[in-house]
Protein chains: 2
Amino acid sequence: MKDFSYISHLECPKCGETYEETKVQQLCKCGSPLLVRYDLEKVKANVTKEEISKRTNTLWRYHELLPVHSEENVVTLGEGMTPFEKFPTLGAEYGINNLYIKDEGIIPTGSFKTRGASVGISKAKELGVKQLAMPTNGNAGAAWALYASKANIKATIVMPLDAPQITRKEVFVAGGDLHLINGLISDAGKVVAGLVQNQGVYDASTLKEPYRIEGKKTMGYEIVEQFGWKVPDVILYPTGGGVGIIGIYKAILEMQELGWIEKGKFPRLVAVQAEGCAPIVDAWKKGEKESKFFENSTTCAFGINVPKALGDFLVLEGVYATDGCAIAISEEDLLAAQKQVASLEGNFICPEGAATFAAARILREQGWIKEDEHVVCLNTGLGLKYPETVEIEGVQTLQPGQELFVNN
Amino acid sequence: MKDFSYISHLECPKCGETYEETKVQQLCKCGSPLLVRYDLEKVKANVTKEEISKRTNTLWRYHELLPVHSEENVVTLGEGMTPFEKFPTLGAEYGINNLYIKDEGIIPTGSFKTRGASVGISKAKELGVKQLAMPTNGNAGAAWALYASKANIKATIVMPLDAPQITRKEVFVAGGDLHLINGLISDAGKVVAGLVQNQGVYDASTLKEPYRIEGKKTMGYEIVEQFGWKVPDVILYPTGGGVGIIGIYKAILEMQELGWIEKGKFPRLVAVQAEGCAPIVDAWKKGEKESKFFENSTTCAFGINVPKALGDFLVLEGVYATDGCAIAISEEDLLAAQKQVASLEGNFICPEGAATFAAARILREQGWIKEDEHVVCLNTGLGLKYPETVEIEGVQTLQPGQELFVNN
């Protein structure tokens, strides 16, 4: 009888301490996030990539490499296997012959946060969690609140007043316990830390539970599978908390270990940030292993307004180990890229995702990306969730019966 | 060499007149919409449902049954194969043991209109169309503008001032030619009719070009495929222009003809409308074949605010032929269902889709739906596109440093 999951234990990437995965664990004693380890030999013996390719179109197709033991605990809205499409027109514009989007807007809740929520909530359900709390810049809170409701787990969500308005409505309609804060996500984090300490609530903050990464890593599995079980040359990722980049790097390592892809060949991982909040870029420029708190951060790409990420050292490790880089984009450039993607390729993407296209253009101009390389830009969510990024100008209002003429 | 499409011609369902599909066609001379016909014998000889099940996760997996001859003309953002999920908790609440959602929010542009846009624009591209115009209640205009941009076709979109705000931003960001009108979709329709007549622009209005239905019919193919190549007992569909119900009925007939499903077994098709705009329900109650213009129509489910649909007779035919029914839902009931779906099953659906769940509940209470029947509610779009349907009440705003206590 084959197992649904081959999870074996949790491990600290900083001090090497190990933990059981059969009970609730948060951070390592040393303060580092924990990573999930699997018995990859058993995975290898029990499933092939050809089998996976025939499975359901959700991220749960990789269930042997996800942390949930019993299929009954899977909380799913049909998330994953998002579109992976070539952008020929924009590619020609940028001088990149093989430019792709991995479009994480086309997923329940309209953002990639759903992956972490589906896997994180499923494992929380399996562990018997009844109540959780988390700070959020909006999209993660929305996703976790919706999945928590489905799992009958109470979710307390604390988000900045400035977070996208629609995300608080998602939490509310889900029946989540919503609180707004007149501050940043770091302030929301302090409120949640207090709640966790004083009331024993499960802490679902970024990287403070080990399973969100596992959801996010499926982006790496999917890119490789959709690219024909090969790795592309470059993956650009909008980096706030950086869980996606950590997850994608982890996925590549696992697939190498499984023999599903060539050993030692990595996509160059690019951490894309906004000029108004670029702690990882600053650290990378100095060759440092950790970032510093970025003071007075601001950007319309709210999801990447994270002045200091708990997993910064893991993000930087992924960038260094793959010969990647880090780059900061101006507000003007990312908004221009958003309009360009919509008008040339038809995808209305979020400003965070748009930053990766602006970055691809700049890195191509600088020669860091070569003409024939295969380049994947990761769009983390729907433009629909950021209506304020599009300002309408010069549009006519007609009266009934009025005639219209257009230029042919 | 196998063909990509086995389209043969266009046919009028009213007077039987036939038309060539190799040039631009709009309505029949008799004023009826035209339907696309295929050489189903050739389809049967060249593809099996088992082969289709192994293909790409987009609606283009059914390409033999779609109207585009050359794969090069396909304009795709990776649309289709949307989630089909069981709702156990809500099903228990309603006393329906097998309740499903077909979630059309999880698709590019966040609404099912994308299907019609992808197929309609692809065929327009193949026919050499350079400029089109259409009236819209918002979502269709957004989808067509985005796909038109990708195909390098100029799109003039006329929408009511009251249409969802976000949809005008989608048209604008796509670089579409956006016009607002201080009236209803019927007023917008008159403006477009003038433009078509005076300037020879391609008319992309609902059912005035024959290919949108072909996109929409793929919902029928997908439901049947995802349900294991069987038909469910009941499909509930929010009915405005009604193209989806026409398309699903057409898909079932084609699949019967192909021998992919049992001949003569239909899902009972339910046309769900809002009490504020229920022309099809009124006609169905009287056993009539066509509807009358519904005066002073109003509903927050803007996509089904269509006072008189051009294809009303086809919708009613589908309902009668399958022993279906038509039902009108109050604003209160559909908003309550929207909240219920989000808080019990985690999907934040649009008010149009919510109406189908309210309808399922009522039809179960009336005994029209039986306890063990397999019932599919079609959600046509994301709740995200209708932020005004969720009003937040009683939420606390914290100051940084403030402590929070929650009820365990």
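Calculation notes
- Residues numbered from 1 in each chain as written.
- Chains lettered and ligands numbered in written order.
- Predicted model: local features only at pLDDT ≥ 70, side-chain atom pairs only at ≥ 80, totals over all residues.
- Heavy atoms only, no water.
- UniProt positions renumbered as here; feature names shortened; annotations may be inferred.
- Helix = DSSP H or I, 4+ residues; strand = E, 2+ residues; numbered from the N terminus.
- Rg over C-alpha atoms; globule rule 2.2 N^0.38 Å.
- Buried < 20%, exposed > 50% of the residue type's maximum accessible area, 1.4 Å probe, protein only.
- Contact = heavy atoms within 4.5 Å.
- Areas by Shrake-Rupley, 256 points an atom, 1.4 Å probe, with all protein chains shown as cover.
- Lys, Arg positive; Asp, Glu negative; His and termini not counted.
- Charge placed at Lys NZ, Arg CZ, Asp CG, Glu CD.
- Least-squares fit on C-alpha atoms with pLDDT ≥ 70 in both.
- Salt bridge = Lys/Arg side-chain N within 4 Å of Asp/Glu carboxyl O.
- Polar contact = N/O pair within 3.5 Å; in protein donor to acceptor, adjacent residues only side chain to side chain.
- Nonpolar A, V, L, I, M, F, W, Y, C, P; charged D, E, K, R; others polar.
- Expected span 1.5 Å × (residues − 1).
- Pairing = 2+ DSSP bridges.
- Axes fitted to C-alpha atoms, helices over the stretch in contact; angles between N-to-C directions.
- Core = buried A, V, L, I, M, F, W, Y, C linked by side-chain atoms within 4.5 Å.
- Parallel < 35°, antiparallel > 145°, perpendicular 65-115°, else oblique.
- Phe/Tyr/Trp six-rings, centres within 6.5 Å; stacked < 30°, edge-to-face > 60°.
- Lys NZ or Arg CZ within 6 Å of the ring centre and 35° of its normal.
- Right-handed = clockwise from strand over helix to strand, strands pointing away.
- Left-handed = near helix turned anticlockwise from the far one by under 90°.

Looking up chain A in an unreviewed UniProt entry gives the name Threonine synthase, with the organism given as Ureibacillus xyleni. Listed under Cofactor (unreviewed entry) in UniProt, the entry text for chain A is "pyridoxal 5'-phosphate".

Draft legend 1. Fine view of the overall build of chain A. Helices and strands together make up the secondary structure of chain A, namely 13 helices and 14 strands. Against the compact-globule benchmark of 22 Å for 408 residues, chain A has a radius of gyration of 21 Å, which places it among compact chains. Expressed as a percentage of the 408 residues in chain A, the buried residues total 66%. The long-range fraction of contacts in chain A, counting pairs at least 24 apart against all pairs at least 6 apart in sequence, stands at 71%. For chain A, the exposed surface amounts to about 14000 Å²; the carbon and sulfur share of it is 48%. A distance of 4 Å separates the average location of the 42 positive side-chain charges in chain A from that of its 52 negative side-chain charges.

Draft legend 2. Just the relation of the copies chain A and chain B, in detail. For these two chains of identical sequence, chain A goes onto chain B by a turn of 180° and a shift of 0.0 Å along the axis, with RMSD 0.0 Å. Considering both components of the superposition, the chain copies are consistent with a two-fold axis. In terms of proximity to the rotation axis, the leading residue of chain A is Ile106(A), whose C-alpha is 2.7 Å off the axis. A shared interface surface links the copies, since 100% of the contact residues of chain A are contact residues in chain B too.

Draft legend 3. Expanded view of the interface of chain A and chain B. In this assembly, 73 residues from chain A lie in contact with 74 residues from chain B. Across the pair Lys150(A) and Glu345(B) runs a salt bridge, and its minimum N-O distance is 2.6 Å. If you look at where chain A meets chain B, you find 27 residue pairs in polar contact (both at pLDDT 80 or more). Across the side of chain A that touches chain B, the residue classes tally to 34 nonpolar, 23 polar and 16 charged.

Draft legend 4. Structural view of helix H13 (residues 351–365) of chain A. Residues and elements named next belong to chain A. Between the first and last C-alpha of H13 there are 21 Å, a value that for 15 residues agrees with the 21 Å anticipated at 1.5 Å per step. Counting buried positions over the 15 residues of H13 gives twelve, a clear majority of the element. Taken together, the buried positions of H13 are Pro351, Glu352, Gly353, Ala354, Ala355, Thr356, Phe357, Ala358, Ala359, Ala360, Ile362 and Leu363. Immediately downstream of H13, the backbone of glycine 367 shows phi near 80°, a positive value.

Draft legend 5. Quick look at the sheet that holds strand S11 (residues 268–274) of chain A. Residues and elements named next belong to chain A. Read from one edge to the other, the open sheet built from six strands follows the order S4-S5-S13-S10-S11-S12, with strand pairing classed as mixed. Lying at the two open borders of the sheet, with one neighbouring strand each, are strand S4 (84–86) and strand S12 (325–329). For this sheet the average axis-to-axis angle between neighbouring strands, irrespective of direction, equals 25°. Two elements, strand S10 (residues 234–238) and strand S13 (residues 374–379), share three bridges in a ladder whose sense is parallel. Its bridge partner being in S13, isoleucine 235 is matched across the sheet by valine 376. Across the sheet, helix H9 (residues 243–257) is in contact with S10, S11 and S13; its angle to S11 comes to roughly 175°.

Draft legend 6. How the structure looks around the nonpolar core. The biggest cluster of nonpolar side chains holds 192 residues, and the ones touching the most others in it are Ile121(A), Met255(A), Trp260(A), Ile121(B), Met255(B) and Trp260(B). In terms of residues, this core owes the most to one element, helix H9 (residues 243–258) of chain B, which gives nine residues.

Draft legend 7. Representation of the packing of helix H5 (residues 139–150) of chain A against helix H12 (residues 331–345) of chain B. Relative orientation of the contacting elements H5(A) and H12(B) amounts to 80°, with a least axis distance of 5 Å. Taken together, the axis directions place H5(A) and H12(B) in an arrangement best described as roughly perpendicular. On H12(B), the residues that touch Leu146(A), Ser149(A) and Lys150(A) of H5(A) are Ala342(B), Ser343(B), Leu344(B) and Glu345(B). Across the contact of H5(A) with H12(B), the residue classes break down as three nonpolar, two polar and two charged.

Draft legend 8. Molecular detail of the side chain of Ser32(A). Tracing the backbone through its elements, the reader meets Ser32(A) in the loop between strand S2 (18–19) and strand S3 (35–38). Setting aside its immediate chain neighbours within four residues, Ser32(A) contacts Cys12(A), Pro13(A), Lys14(A), Leu27(A) and Phe313(A).

Draft legend 9. Region of interest: the packing of aromatic side chains. On inspection of all chains with the given rule, the structure shows 18 aromatic pairs over all chains. Between the aromatic rings of Phe84(A) and Phe227(A), the centroid separation amounts to 6.3 Å while the plane-to-plane angle is 75°, which identifies the pairing as edge-to-face. Of this pair, Phe84(A) sits in strand S4 while Phe227(A) sits in the loop between helix H8 (212–226) and S10, placing them 143 residues apart in sequence. Ring centres 5.5 Å apart and planes at 80° place the aromatic pair Trp229(A) and Trp260(A) in the edge-to-face group. Placement of Trp229(A) in the loop between H8 and S10 and of Trp260(A) in the loop between H9 and S11 is noted, with a sequence separation of 31 residues between them. One aromatic cluster in this structure is built from Tyr62(A), Tyr221(A), Trp229(A) and Trp260(A). Positioned above the aromatic ring of Phe227(A), the side-chain terminus of Lys230(A) is 5.0 Å from the ring centre. Across the ring face of Phe172(A), the terminal group of Lys339(B) is positioned such that the distance to the ring centre comes to 5.4 Å.

Draft legend 10. Examining the pattern of salt bridges more closely. Residue and element names in this part refer to chain A. Scanning all chains against the criterion turns up 46 salt bridges over all chains. For the salt bridge of glutamate 17 with lysine 29, the shortest nitrogen-to-oxygen distance reads 3.9 Å. One end of the pair, glutamate 17, is in the loop between strand S1 (7–11) and S2; the other, lysine 29, is in the loop between S2 and S3, with twelve residues separating them in the sequence. Judged by its relative accessible area of 33%, glutamate 17 falls in the partly exposed class. Note on lysine 29: relative accessible area 70%, which makes it exposed. Each member of the salt-bridge network shares a partner with another, and the members are Lys102, Glu104, Arg115 and Glu222.

Draft legend 11. Geometry of the pairing of strand S7 (residues 154–160) of chain A. All names here are of chain A. Among the seven residues that make up S7, six are buried, leaving the element largely enclosed by the rest of the structure. As defined by bridge partners, strand S6 (residues 131–135) adjoins S7 across five bridges and the pair is classed as parallel. Residue pairing across strands places alanine 133 opposite threonine 156, the latter belonging to S7. Handedness of the crossover is the feature at issue here: the chain leaves S6, passes through H5, returns alongside S7, and the resulting connection is right-handed. In the sheet, S7 pairs with strand S8 (residues 177–181) via five bridges, with the strands oriented parallel. Counted as the bridge partner of threonine 156 is aspartate 177 from S8. Taken together, S7, helix H6 (residues 165–173) and S8 constitute a β-α-β crossover, and its handedness is right-handed.

Draft legend 12. Examining the pairing of strand S6 (residues 131–135) of chain B more closely. All names here are of chain B. With five of five residues buried, S6 is to be regarded as a mostly interior element. Across two bridges, the pairing between S6 and strand S9 (residues 202–203) is parallel. Looking at the pairing, leucine 132 lines up with tyrosine 202 of S9.

Draft legend 13. Expanded view of the environment of Ala274(B). Position of Ala274(B) among the secondary structure elements: in strand S11 (residues 268–274). Not counting the four nearest positions on each side in its chain, Ala274(B) is found in contact with Thr299(B), Ile304(B), Ala328(B), Ile329(B) and Glu331(B).

Draft legend 14. Structural detail: the packing of H9(B) against helix H11 (residues 312–321) of chain B. Residues and elements named next belong to chain B. Two numbers describe how H9 lies on H11: the axes approach to 8 Å, and their chain directions differ by 50°. With respect to each other, H9 and H11 are oriented oblique. Here the hand of the crossing between H9 and H11 comes out left-handed. Contact residues: Ile245, Ile246 and Tyr249 in H9; Leu314, Val315, Glu317, Gly318, Val319 and Ala321 in H11. Here the residues of the contact of H9 with H11 are counted per class, giving seven nonpolar, one polar and one charged.

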